[in-house]
Amino acid sequence: MGEIKKRPQVISDLIAIATYIGENNLEASDSFLLAAEETFRELGNFPQMGRLCQFSHPKLADIRQIGIKGFRKYLIFYCLIENGIEILRVIHGIRDIEVILEDYLDVN
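Source: prediction; values computed, not measured. (Residues numbered from 1 in each chain as written. Predicted model: local features only at pLDDT ≥ 70, side-chain atom pairs only at ≥ 80, totals over all residues. Heavy atoms only, no water.)

Draft legend 1. Focus on the packing of aromatic side chains. Counted under the stated rule, the structure contains 2 aromatic pairs. For the pair Phe32 and Phe71, a centre-to-centre distance of 5.4 Å together with 85 degrees between the ring planes defines the contact as edge-to-face. Taken together, the positions of Phe32 in helix α2 (residues 26-45) and Phe71 in strand β4 (residues 71-81) put the pair 39 residues apart, joining distant regions of the chain. Among the residues examined, Phe32 registers a relative accessible area of 0% and is labelled buried. Where Phe32 meets Tyr74, the ring centres are 5.5 Å apart and the plane angle is 65 degrees; that geometry is what we call edge-to-face. One end of the pair, Phe32, is in helix α2; the other, Tyr74, is in strand β4, with 42 residues separating them in the sequence. Each member of the pair, Phe32 as well as Tyr74, carries the same accessibility label: buried. (Phe/Tyr/Trp six-rings, centres within 6.5 Å; stacked < 30°, edge-to-face > 60°. Helix = DSSP H or I, 4+ residues; strand = E, 2+ residues; numbered from the N terminus. Buried < 20%, exposed > 50% of the residue type's maximum accessible area, 1.4 Å probe, protein only.)

Draft legend 2. Structural view of the side chain of Gln65. Along the chain, Gln65 falls in strand β3 (residues 64-68). In this structure Gln65 touches Gly50, Arg51, Cys53, Leu75, Ile76, Phe77 and Tyr78, once residues within four positions along its chain are discounted. (Contact = heavy atoms within 4.5 Å.)

Draft legend 3. Region of interest: the pairing of β3. Along β3, 5 of the 5 residues are buried, which leaves the element largely enclosed by surrounding structure. With 5 bridges joining them, β3 and β4 adopt antiparallel strand pairing. Its bridge partner being in β4, Gln65 is matched across the sheet by Phe77. (Pairing = 2+ DSSP bridges.)

Draft legend 4. Quick peek at the pairing of strand β5 (residues 84-92). Among the 9 residues of β5, 8 are classified as buried, and the element is accordingly described as predominantly covered. In terms of strand pairing, strand β1 (residues 3-6) meets β5 through 4 bridges, oriented parallel. Within β5, the residue paired with Lys5 across the bridge is Glu86. Sheet topology places β4 next to β5; 8 bridges connect them, and they run antiparallel. Bridging across to β5, Tyr74 finds its partner in His92. Here β4 hands over to β5 after 2 residues, the two strands then running antiparallel side by side.

Draft legend 5. Structural detail: the environment of Ala36. The residue Ala36 is located in helix α2 in this model. For Ala36, a relative accessible area of 0% corresponds to the buried category. Separated by 40 residues in the primary sequence, Ala36 and Ile76 place their C-alpha atoms 8.4 Å from one another. Among all residues touching Ala36, those that are not within four sequence positions of it are Leu14 and Ile68.

Written out as structure tokens, the structure is:
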């Protein structure tokens, strides 16, 4: 398995999403977190399985995405690194993803 790095914002994303889901269903919240970690592990083994995004901003050219198993509306955004992957964000697909990622990359 390749290395799986997570940017600090990923933990905040996961907590916020799990809290939102947990407002209506604590079991689904736990399932979400387990599914996210399982998807991260699969990406560590098969980093190319996510599709390359088609963003207009040049800084976002190498970013890939994949839906979380069982929670496909929640998307993992990541990039390939030398020994594995780096998870950048976990975001609901309805949001303005390119703007969120541009703002985040400008800060980091």
